[in-house]
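Below, each chain spelled out in residue letters.
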Amino acid sequence: MSSVALQIPGLDRIRLRFLDLLEHRKVNIARHALAAWDGETAEEINANLEAARSILHQIAGTAGTVGYEALGITAQHCEAQIIAHIEGPYADLAVCPGEIIWFIDTFVEACDGLAE
Amino acid sequence: MRILATDDDPIILELVSQFLITVGQHDVVTAKSASEALDLLSKNDPAYIECFLNDIQMPQMDGIELARQIRKLPNHATSPIIMLTAMSEKRYIDDAFAAGASDYITKPFDMIEFKTRISMAEQLVLSRKTVTAKLFAPSALKIAVGKDDAVDLHAPVELNDIDNVIACSAMENYVAQLSRSSLFGSTVFAFTLRKPETYCEALSPAEFKFLLEDVAECISDCLADHQFLMTYAGNGTYLCITESGWRPEMSKLMAAVNLHLNQMKIVSNTSAELYPRVSAGNAIRLVWKSNDQVLSALGKAQTSAEHAAAEFERLKSDFFHTGRLA
């Protein structure tokens, strides 16, 4: 985080709010990832992956600016995996790639690490 | 400066608001969606907001469409619109500038860079306020028809409502964005209106601007099959930047533009036909160029088109000095 960011009054409050929201967002991401994993149709799987991607996108855009660069990068990697699947040749198959679940698991673990 | 920040992420809105209030004592209004932003604009004095910060990825209407809608509002044809987004792919950058964005910041953003960009936008707003104040001054009518108010031939002019034509400052920001993203596979080239000084002197400022717009529209039409952005850089020169993979044949393109200009039959207020024609410079590829080199390539493209236009005029009158017999 740049020194200018550190000088913003109220940054601590924003970071706390980010962490509060992160807990809620993490649960939602995990819920969508599990629903995608259990999904029986390509539409169901992709809709859940898209929902998870949208939340990950927000985290990727904010985390670095409030001082959690590593978490932001992890979220970016998850988002990239989901985009690669949704825009890839197997998007019309009712399959949720295991790599995505593994990446999201890493992200959830990183969130838990921050919360502790 | 009054800024409208639109983002569906409450953390970004809070962060941006806090930062803008701290560094520049700006007034910040926030909206959680594009429709909320448009609603806010419709319910307030149109000039209430002076600068916009748009996220791209938002549910329903995205930030690029929001920029397009803002540009349609009469008071915001030239207001700074800064895209603040995590979308760093070139297609989003291209679409954003084509929709009317004047600058582009990628998240997670660096605060120093953010501060610089906001300062640039503020300077733009202040400079436009000065122009507006001048236009609405009691003596405006006298100034408007006076010689002093003529369009500066050498200065960039903002041309509105022409597909893919953006402000000169936005073009510089766009090119800087390409450099930062290491996306150098584009080509720059330019066209210069031949003898622009004669049009500038003979026509009223408004007529001269109409002429510049007609020529821009003509070039835009001829490039319509390709992805491109264009700006009017002053001195009769139009700078264009196009997508990698297409390297324009400048002589053919120049012929197409001049044919189109001929077919348009552009006339002055007194119905006299003007016969504007352009000369084309060299197409310069931006592959592997650093930020400074990219800006320098823009300068070279501009110079080569201006040189081509001057050379065309010189050869018309210097025919007997070329060593050839008549």
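Further up the page is the structure itself.
Residues numbered from 1 in each chain as written. Chains lettered and ligands numbered in written order. Predicted model: local features only at pLDDT ≥ 70, side-chain atom pairs only at ≥ 80, totals over all residues. Heavy atoms only, no water.

J.: Got a minute to help me understand the overall build of chain A in this structure?
T.: Looking only at helices and strands, chain A features five helices and zero strands. Traced from its N-terminal end to its C-terminal end, chain A shows the element sequence α-α-α-α-α. With 116 residues in all, chain A has 45% of them scored as buried. Across chain A, every contact between residues at least 6 apart in sequence was considered, and the portion connecting residues at least 24 apart equals 68%. (Helix = DSSP H or I, 4+ residues; strand = E, 2+ residues; numbered from the N terminus. Buried < 20%, exposed > 50% of the residue type's maximum accessible area, 1.4 Å probe, protein only. Contact = heavy atoms within 4.5 Å.)

J.: I would appreciate a short explanation of the pattern of salt bridges in the present structure.
T.: Proximity of charged atoms lets side chains of opposite charge pair with each other. Inspection of every chain in the model, using the stated rule, returns 17 salt bridges over all chains. Here lysine 26 of chain A makes a salt bridge to glutamate 23 of chain A, at a shortest N to O gap of 3.4 Å. Taken as a pair, lysine 26 of chain A and glutamate 23 of chain A lie in helix α2 (residues 11-38) at a separation of three residues, close to a single helical turn. By relative accessible area, which is 10% here, lysine 26 of chain A ends up buried. Between arginine 68 of chain B and glutamate 65 of chain B there is a salt bridge; the shortest N-O distance is 2.6 Å. Of this pair, arginine 68 of chain B and glutamate 65 of chain B both sit in helix α3 (residues 63-72), separated by three residues, roughly a single helical turn. Classification of arginine 68 of chain B by relative accessible area gives partly exposed; the value is 36%. Residues joined by salt bridges that share partners form a network here, namely Arg13 and Arg17 of chain A together with Glu14 of chain B. (Salt bridge = Lys/Arg side-chain N within 4 Å of Asp/Glu carboxyl O.)

J.: Help me understand the layout of surface pockets in this model?
T.: Once rolled over the atoms, a probe with the size of a water molecule shows which space is left empty. Residue and element names in this part refer to chain B. Considering only enclosed or pocket space, the second largest pocket measures out at about 560 Å³ in volume. What lines the second largest pocket is a set of 27 residues, among which Arg71, Ala99, Gly100, Asp161 and Val165 lie closest to the centre. Within the lining of the second largest pocket, the residues separate by chemical class into 13 nonpolar, seven polar and seven charged. Each of two domains, domain 1 (1-147) and domain 2 (150-326), supplies a minimum of three residues to the lining of the second largest pocket. (1 Å grid on protein atoms, 1.4 Å probe; cavity = no way out; pocket = protein on both sides within 12 Å on 5 of 7 lines; lining within 4 Å. Points joined across faces, edges and corners; volume = space filled by probe spheres on them. Nonpolar A, V, L, I, M, F, W, Y, C, P; charged D, E, K, R; others polar. Domains from an automatic or database assignment.)

J.: Sorry, what's going on with the nonpolar core here?
T.: Among the nonpolar cores identified, the biggest contains 49 residues, and Ile59 and Phe107 of chain A together with Leu53 and Phe114 of chain B are the most heavily contacted of them. Once residues within four sequence positions are removed from consideration, phenylalanine 107 of chain A is found in contact with Leu22, Ile29, Leu56, Ile59, Leu71, Thr74, Ala75 and Cys78 of chain A. By size, the runner-up hydrophobic cluster in this structure holds 45 residues, among which are Met83, Met87, Leu178 and Ile284 of chain B. (Core = buried A, V, L, I, M, F, W, Y, C linked by side-chain atoms within 4.5 Å.)

J.: How do you make sense of the pairing of strand β3 (residues 51-54) of chain B when you look at a structure like this?
T.: A regular strand carries its side chains on alternate faces of the sheet. Residue and element names in this part refer to chain B. The alternating pattern of β3 places Cys51 and Leu53 on one face and Phe52 and Asn54 on the opposite face, and all of these are buried. In terms of strand pairing, strand β1 (residues 2-6) meets β3 through four bridges, oriented parallel. Note that in β3 the partner of threonine 6 across the bridge is asparagine 54. Pairing of β3 with strand β4 (residues 81-85) involves three bridges; the strand directions are parallel. Among the inter-strand pairings, asparagine 54 is bridged to a residue of β4, identified as methionine 83. (Pairing = 2+ DSSP bridges.)

J.: Is there a simple way to think about the interface of chain B and chain A in this case?
T.: Counting residues at the interface gives 20 residues for chain B and 23 residues for chain A. For arginine 13 of chain A, the salt bridge identified is with glutamate 14 of chain B, shortest N-O distance 2.5 Å. Put simply, chain B and chain A have seven residue pairs in polar contact (both at pLDDT 80 or more) between them. If you list the elements that add at least two residues to the side of chain B that touches chain A, you get α1 (10-24) and α5 (111-135) of chain B. The leading source of residues in the side of chain B that touches chain A is α1 of chain B, at eight residues. Here the side of chain B that touches chain A is built from residues that sort into 11 nonpolar, three polar and six charged. (Polar contact = N/O pair within 3.5 Å; in protein donor to acceptor, adjacent residues only side chain to side chain.)

J.: What is the right way to look at helix α9 (residues 205-222) of chain B in this model?
T.: Note: α-helices contain 3.6 residues per turn, so residues at a spacing of three or four share the same orientation. Residue and element names in this part refer to chain B. An ideal rise of 1.5 Å per residue puts 26 Å on 18 residues; α9 measures up with 26 Å between its terminal C-alpha atoms. If you check which residues of α9 are buried, you get Glu207, Phe208, Leu211, Leu212, Glu213, Val215, Ala216, Cys218, Ile219 and Ser220. Check the buried side of α9 and you find it contacts β6 (187-193), α8 (196-202), β7 (228-234), β8 (237-242), α10 (250-264) and β9 (278-280). (Expected span 1.5 Å × (residues − 1).)

J.: Is there a simple way to think about the packing of aromatic side chains in this case?
T.: Aromatic ring pairs are described here by two measures, namely the spacing of the ring centres and the angle between the planes. Inspection of every chain in the model, using the stated rule, returns eight aromatic pairs over all chains. Aromatic side chains phenylalanine 97 of chain B and tyrosine 174 of chain B sit 5.2 Å apart centroid to centroid with 75° between the ring planes, which places their arrangement in the edge-to-face category. Of this pair, phenylalanine 97 of chain B sits in helix α4 (residues 90-99) while tyrosine 174 of chain B sits in helix α7 (residues 168-180), and the two are 77 residues apart along the sequence. Lying over the aromatic face of tyrosine 68 of chain A, arginine 15 of chain A brings its terminal NZ or CZ to 4.8 Å of the ring centre. Its guanidinium or amino end placed over the ring of phenylalanine 312 of chain B, arginine 194 of chain B lies 3.5 Å from that ring's centre, counting from NZ or CZ. (Phe/Tyr/Trp six-rings, centres within 6.5 Å; stacked < 30°, edge-to-face > 60°. Lys NZ or Arg CZ within 6 Å of the ring centre and 35° of its normal.)

J.: Could you clarify how one ought to interpret the sheet that holds β4 of chain B in this entry?
T.: What holds strands together in a sheet is hydrogen bonding between their backbones, with the strands either parallel or antiparallel. Residue and element names in this part refer to chain B. What the five strands build is an open sheet, ordered β2-β1-β3-β4-β5; its pairing is parallel. Two strands close off the open sheet at either side, each with one partner strand: β2 (27-31) and β5 (103-106). Sheet twist, expressed as the average angle between the axes of neighbouring strands with direction ignored, equals 20°. Lying on the sheet, helix α2 (residues 34-43) is in contact with β1, β2 and β3; it crosses β2 at an angle near 130°. (Axes fitted to C-alpha atoms, helices over the stretch in contact; angles between N-to-C directions.)

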